[in-house]
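One letter stands for each residue in the lines below.
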Amino acid sequence: MTIDKSWTQIRKRSNSVVFWQGLQSFLQMAKPHVNDRGFIRCPCNRCINNAQHQLEVLETHIHRFGFMSDYNEWIYHGENVNAASSSNVPQPNSGVHDRDEMFEVLEDIISNDAEVDQLGSQSSNVQYDDLFTALNSELYPGVSSFSSLNFLVKLMHLKVMNKWTNKSFDELLKLLKLAFPKIDLVESHYEAKRLMTKMGLGYQSIHVCKNDCALFWNENSMSETCPVCSKSRWKMQEGRRTGKNVPHKVLRYFPLAPRLKRLFATSKTAKLMRWHQAGKSTDDNVMRHPVDGRAWKDFDRKHPEFADDVRNVRLGLAADGFNPFNNMSISYSMWPVVLTTYNLPPWLCMKPEYLMLSLLIPGPQSPGKDMDVFLRPLIEELKELWENGIDTRDAGNDRKVFKMRAALLWTVNDFPARSSLSGWSGQGYKACPTCNEDTPSMRVIGKTAYFGHRRFLPSTHRWRSNLDFDGRTERKRPPRRFSSVDIMDQLRRVKTSIPGKHPNYGGVKRKRGDDELNWRKKSIFYELPYWAEIELKHNLDVMHIEKNICDSLLGTLMGDPHKSKDTDNARRDLQHLGIRSELHLYEDGNKLMKPAAEYTFSEANRRKFCRFVRSVKFPDGFAGNLSKNVAHNDSRIVGLKSHDCHVIMQRLLPVGCRSLVNKTISSTIIELCTFFNQLCARTVNVTDMVKAQDQLVIILCKLERIFPPAFFDIMIHLVLHLPEEAILGGPVYMRWMYPFERYLKRLKDYVRNAAKPEGSISEGYVVDEALTFCSRYFDDIETRFNRPDRNDDGIHRTSRLFVFESQCKPMGKQSQVYVEKNVRDRAEFYILNNSPEIETYLKVHAPEVTHELLSLASKSNIFVSSYPACIVNGVRFVTHARDVRLKTQNSGVSVPGTENEIFYGQLQQILEFSYLNDFSVVLFKCKWFRCDSRRMVTENNITSINITSESYKDDQFILASQAQQVFYVEDPSRGPNWRVVQHVNHRSIWDITEDGMSDIDLLQDNSSSNFTLFVDLGNLPQINLQRNDGDVIPIVQPFTTVSQHVNETASFLNDDDEDEDDVSEEDDETVEESADEETDEGNDDVDTEEDDDDRSYHTSDSD
C-alpha cells in the first residue's frame, strides 16, 4: 500500500486541510510504535529525528516547524520497519548527538512546560528555538563530542561551581575564540546568561507603593497611583516624572507551580517526591521526618482527599531579612521568602538545590507589619494549588498526567519575623504565642521578665508555696490550651488596620484594645482554606533560641559586661521583691557594692573556663576553631556564631562548668543542655519529648531560684514549648533556620551590581536554577549532585569475605614497615577471628576453595604499608602522633563490645596487610583505655575516662571498618589525666537507607533516647547564692542610696495593670525590627559555604 506523503511538502500549513489530514494519518500510523514511556522520534525540521517526544508534541512541532525533507522512508514511525538498517535511509546525526544529555533536558522541560497545559500551539515553543539551534550545532567543525549548547551549559556550570567572576568568564570566551576561530560559542557572559534564562522558569516584576501600602498587581496593575495613599507609582524629580517610568519599589515573584512541576519533570526527582510515604517510620513512637509528626497525621486525617495522592506537595516557608552588601555599616534589609518541599527524604529537602526562592521583598527597610502586602501573589497561587491543582506529568509514572495540589504546612522564622508573619506581637506581657493571654510575666526595672513557671507545676507541688522564688505563693493555674476555635474568636475581635507606612494612613499610631490581646492583625495565611485548622502554624526557631540562651548563660557566668543578665538593676529587682538578701546591693561608705553571686565565675575560674575552651580540638568538619573566640588574656569569649553556641551548649558548657560553680547550679545547667541534645537528635522519640515537657518545668523553676528575674527573657520561656512542637512537627533539623540562613549566603553571592542588588539576585537565581536542573543529567563533569563529600573514601569494594571489605582511602605519605612476627600473628589472628565466612571450614573442613579464602590462608606479606591518616566510610582518622600537631582531633576511636559495652582508645597506627591476589586488609592499631568503674565514670550523661591506664596491650587491633569516631576534651572537674568522651554524629551519614526501609542507626547519638534527662530536685530552696570567696564589685555610677532607689522604683515595679500591652503597632514593629537587626549585626549567622563544610552538626547538610 502506497503512503501519500505529498502533504509534507505543503508550506502554508496553517489553513491546509490536506496537511492536517495527512498529519493525523501519520500520527495514527506512528502511535503503535511509541516506546514504553509514550515517546517516539520527532521528524520536524528542528528535531530531525534526534529528539524524542510524545505524539502531542510531534503534532505541534510538525505543524509549526514542518516535516524534514530528507526523511523519505518513515522507518521510525511504522513504514517498512524491517528495513531500519538500510544504508540509504537518512539516520539521525551520528556521534554523541544521539546521547547528548541536553536532548533529554529539553525533552523534559518542553514536555512538562507545554504539553500538560495544552500550550503546544504555534507560539508556545518560540523561547526554545535558540536552544535547539545551539543543540543541533557542532561546537567546532568535525568535533562531534559536544554540541554548542552542551559545551556552553557545562562551561556555565563550572563558572557557578567555582565562583568565577563575570569578567573572567568573558576573558575565557575571548581566549577560546582566539584559539579556535571556528568555534560556535557565544561572545560574552551576557549572551550566555540570556540563553540559559530560556531554560529557566523566570520571575515576575511587580511594582510596589513607596509606602508599602499595596501592589500594582491584578486589578491595580494599570493604576498610576496607590489605591491607599494616592502616591505616584513612579519616582519623581522636583515634582515631575523622570523621562523613563521608574517604579519606587519592585517585588520579584518566582511562580511556584512551574517549579513544582519541574520536580516531577525528570525521573531523577519524581520518585523522590513519594519518599514520605515509603520512608515514614513504622513505629508511632519514633520520628525522623515531619511525616511522622502529629501535625502531618492530623492534616491527613482532616483532608483525606489530599492525602490520598502521595504526590501532592507539602511545603514549608521561611522568611528572613539580610544585608546583601559586605559592608555591614550600610543599613539595608532585603527579605527573601524561601520554600522547601517536605515530600523529599530528610537528607535532601533542606539542601540548597531543593530550596525554592518564591519572593524577593525589596529593601532598604524591612516590610514589618506590611509583610502580608508582599505575600499576596504567593498566597493567591497557594489557594489555586489547593482548590484546583495543576495538571502535571509524572516522569516517575510513565509520564502520566495527574492533578498536583500543594499545601503549606508551616513557617520557619526567627522570633521577630514570626511576629510579622503570624500577626501575634512578640513584645509585652503576652509575648508568648502559645501561652497567649496567660503568658507568665512580670515587670522588672526597664523590661518585662517572663518569670513564674511554678504555675505549670501540679497544684500540690511544694514549690508553689515556697517564698524564695519571688516572695509570693503561686496559686495560678497552668495556661489554658487555646484551640483553633479560640484563636479564630480572638481574631474576629481584631480591628482591620490600613496597610503601609504613610503617616496619614497605615503609619498612624493605633493603640490595641484590651480585647485584641497581642494580635496586630489577622495574618494573610488565614485566607488559605486549611490554615485555621493546622496545629503547628509557625515554628519556634530552635537555632536562635539556643543561641540566645547560650549568650545569656555564658554572658552571666563569665560576667560579661555586655551580655550578662546579672546587672545592677537585676539586683535591685531582688531587693524590691524581698528575696535573696545575700545578693542585695549595699552601701560601703560612699560606694554602692554588689556581692559576687554563685552563678558567676570568679576571676580565676573565668580564666580556667577560657583555657578549657581554648584547649578543645574538634574532629574534621565538626565545628569551627573556638580557640579563636577566646580573648588573648583568657578573660572573655567573643564573636560566637549560632553554630558555635550550638556546640558550646551541647558539648562544652556541661563539661566546663561542673567544677567552677555550685553543684546545684551546674547540674541545672547540665540538665538544660541535655534537653537540647535530646531535641536536636536526628531521630526523636515521642516518649522522650513527653517526659522532657514535664521535666523542663522543673528545670525552669530551678533556674528561677538561681538567677534573678531579669535573666528570663522570652527566649528562656519559649524553651518550655519546644517538646510539644517536636511532637507535632518531628525532628528539629528540618524546622530550624540553619539551612535557610546559609541559603542567604548563596543569594548574597549573586549580587554583582551593588546599585541593583534585587535585580542581581533575581537574574542570578534564574540562571543558577536552570543550570542546577541541567546538571542532574551530567555524569562526565562534577556537579552539585555527584561531587564527592569532603571525606569521601571512594572505596566500594565488595568481597565474599567480610575482612577484605575493610578498606580505606589512605592519606599522607605511605611507608613500608616491618612488623615483628608476634605482632603480625596477633593481627592475622584478629583477621581470622573476624571472618565469619570461615566458620563453615572450621565445622566441615571442606568449604568451596576461592581465591579469597586461599589468599586469607596464605598469610600476609612481612612488610606492611603504614599511613598517617585515612578516610573510612566517610570519616577521617588520623594517628595520634600526627594529631597532636593539628588544630583538629581525629585520633579518638571507639568500638562496641559483645556485651553492649563500649571500648575507647586512641589510634596509634594505620596498617594495611597485603595478601595474595591483590587482596588487603586495613587494621587500626589502638591504645585502649581501661573502662572499669574506677577509671571510667558516667554522670549526667557525661562519660569521663582516665587516659593514663592502658588495657588490652595484647589485643590492640580492630578492622578499620569497625571503628567509630569519638573525640576527647579535658575534664576540669577531675584533673589533668581525665578526659570526657564525646561521640560524633556525622552529618553526611544517615540512619536511614535511601529506600527508607531500615530502622537501624548507623552511628551513636542519632536518637534522643541516647540521652537520659534526669532532673534532680535536691535542696534547691536552701541554696545560698552569694559566692563564698568574699568578692564584691563596686558600682561606678552617680551615687544613690539603695533606699532612695528602691523608693523611686517601687511605684514602677508595682504597676501590674499590664499597660504595656497598649503599645502602638508602629512602636511594636520598631522594637521587633531593632531586635532583629541587633541579632543579625551582633551574630553573623549567615555562614559561608566553607563554614557549612566545617561547622555543621546534627543537620541535613547544614545545621
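Read on for a plain summary of the structure. Computed from a prediction, not measured in an experiment: that's the story for all the values here.

**Overview of the overall build of the protein chain**
In terms of helices and strands, the protein chain carries 32 helices and 37 strands. The proportion of buried residues among the 1103 residues of the protein chain is 58%. Total accessible area on the protein chain is roughly 46500 Å²; 48% of this is exposed by carbon and sulfur atoms.

**Observations regarding the pattern of salt bridges**
Taken as a whole, this structure holds 52 salt bridges when the rule is applied. Here E187 makes a salt bridge to K177, at a shortest N to O gap of 3.5 Å. Separated by 10 residues along the polypeptide, E187 in the loop between α6 (166-179) and α7 (189-197) and K177 in helix α6 bring together distant segments of the chain. Several salt bridges converge on common partners, so that one network encompasses D212, K249, K369, D370 and K501.

**A word on the sheet that holds strand β11 (residues 313-319)**
The strand order β6-β5-β9-β13-β12-β11-β16-β19 describes an open sheet built from 8 strands, whose pairing is mixed. Edge positions in the sheet fall to β6 (215-216) and β19 (538-540), since each has one partner strand and no second. Two strands pair when backbone bridges link them, and strand β9 (residues 249-253) and strand β13 (residues 356-361) are joined in this way by 2 bridges, in the antiparallel orientation. Counted as the bridge partner of R252 is L360 from β13. Contacts from helix α14 (residues 415-422) reach β11, β12 (335-341), β16 (406-413) and β19, with the element oriented near 165° to β19.

**Here's the deal with the packing of aromatic side chains**
Per the counting criterion, the structure on display carries 43 aromatic pairs. The interplanar angle of 70° and the centroid separation of 5.5 Å between the aromatic rings of W7 and F19 together place this pair among those described as edge-to-face. You can see W7 sitting in the segment before α1 (17-30) and its partner F19 sitting in helix α1, a full 12 residues away along the chain. Pair check on accessibility: W7 and F19 agree, each one buried. Ring geometry for F306 versus W386: centroids 5.1 Å apart, planes at 35°, classification tilted. In this pair, F306 is assigned in helix α12 (residues 304-307) and W386 in helix α13 (residues 371-387), connecting sequence segments 80 residues apart. Put simply, the rings of W7, F19, F26, F67, Y71, W74 and Y76 touch in pairs and so form one group of aromatic residues. The lysine or arginine in question, K5, covers the ring of W74, its NZ or CZ lying 4.8 Å from the ring centre.

**So, the nonpolar core**
The nonpolar side chains of a soluble globular protein tend to be buried, and buried together. One finds L260, F609, L653 and F676 to be the most contacted residues of the largest nonpolar core, which totals 192 residues. Take this core: its biggest share by element is 11 residues, from helix α21 (residues 686-706). Beyond its immediate stretch of four places on either side in the chain, F609 contacts L554, M558, F601, I637, L653, G656, C657 and L660. Listed in part, the 57 residues of the second largest apolar core include A51, F132, M196 and F773.

**Some words on the pairing of strand β30 (residues 920-929)**
With 9 of its 10 residues buried, β30 lies for the most part within the structure. As judged from the 9 bridges shared by strand β29 (residues 902-914) and β30, these two strands associate in the antiparallel manner. Directly across from I910, in β30, lies its bridge partner F924. Once β29 ends, the chain turns through 5 residues before running back antiparallel as β30, passing N917 with a positive phi of about 60°. Inspection of the sheet shows β30 paired to strand β33 (residues 950-951) by 2 bridges, in the antiparallel sense. In the strand pairing of β33, W928 is matched with S951.

**Topic: the side chain of S564**
Within the secondary structure, S564 is located in the loop between α16 (542-558) and α17 (568-577). A residue is classified by how much of its surface remains accessible, and S564, at 15% relative accessible area, is buried. For S564, the residues in contact, after removing those within four places along its chain, are G555, T556 and G559.

**Describing unusual backbone geometry**
In this model, G363 is joined to P364 through a cis peptide bond whose omega is 5°. The phi torsion at D212 lies on the positive side, around 65°, for a residue other than glycine. With respect to the secondary-structure elements, D212 resides in the loop between β5 (204-208) and β6. On the basis of relative accessibility, which here comes to 2%, the residue D212 falls in the buried class. Despite not being glycine, L517 shows a phi value in the positive range, around 55°. The residue L517 is located in the loop between α15 (484-492) and β19 in this model. Under the relative-accessibility criterion, L517 is labelled buried at 9%.

**A short note on empty space enclosed by the protein**
Evaluated as defined, the whole model comprises 6 cavities of 30 Å³ or more. Each pocket or cavity is described by its volume, and for the largest cavity that value is around 290 Å³. Lining the largest cavity we find 20 residues, and of these E353, L355, E769, T772 and R776 sit closest to its centre. In terms of residue count, the dominant contributor to the lining of the largest cavity is helix α25 (residues 757-775) (5 residues).

**As for the state of the cysteines**
What the rule picks out here adds up to 0 disulfides. C435 supplies the cysteine sulfur nearest to C432, a cysteine that is in no disulfide, at a spacing of 3.7 Å.

**Description of helix α2 (residues 55-65)**
Most of α2 sits inside the fold, with 8 of its 11 residues counted as buried. For α2, every residue scored as buried is listed here: L55, V57, L58, T60, H61, I62, H63 and F65. One or two positions beyond α2, positive phi appears at G66, with a value near 90°.

**Some thoughts on the sheet that holds strand β21 (residues 591-595)**
Ordered by their spatial adjacency, 3 strands build an open sheet running β20-β21-β37, and the pairing between neighbours is antiparallel. The open sheet is flanked by β20 (586-588) and β37 (1032-1035), the only strands paired with a single partner. The sheet shows a mean angle of 45° between the axes of neighbouring strands, direction not considered. Strand direction decides the pairing type here: β21 and β37, joined by 4 bridges, are antiparallel. Bridge pairing links L592 to I1035 in β37.

**Here we look at α14**
α14 sits mainly inside the fold: 8 of its 8 residues count as buried. Buried within α14 we find F415, P416, A417, R418, S419, S420, L421 and S422. The positive-phi residue at the C-terminal boundary of α14 is G423, with phi of around 95°.

The rules behind the values
- Residues numbered from 1 in each chain as written.
- Predicted model: local features only at pLDDT ≥ 70, side-chain atom pairs only at ≥ 80, totals over all residues.
- Heavy atoms only, no water.
- Helix = DSSP H or I, 4+ residues; strand = E, 2+ residues; numbered from the N terminus.
- Buried < 20%, exposed > 50% of the residue type's maximum accessible area, 1.4 Å probe, protein only.
- Areas by Shrake-Rupley, 256 points an atom, 1.4 Å probe, with all protein chains shown as cover.
- Salt bridge = Lys/Arg side-chain N within 4 Å of Asp/Glu carboxyl O.
- Pairing = 2+ DSSP bridges.
- Contact = heavy atoms within 4.5 Å.
- Axes fitted to C-alpha atoms, helices over the stretch in contact; angles between N-to-C directions.
- Phe/Tyr/Trp six-rings, centres within 6.5 Å; stacked < 30°, edge-to-face > 60°.
- Lys NZ or Arg CZ within 6 Å of the ring centre and 35° of its normal.
- Core = buried A, V, L, I, M, F, W, Y, C linked by side-chain atoms within 4.5 Å.
- 1 Å grid on protein atoms, 1.4 Å probe; cavity = no way out; pocket = protein on both sides within 12 Å on 5 of 7 lines; lining within 4 Å.
- Points joined across faces, edges and corners; volume = space filled by probe spheres on them.
- Disulfide = S-S within 2.5 Å.

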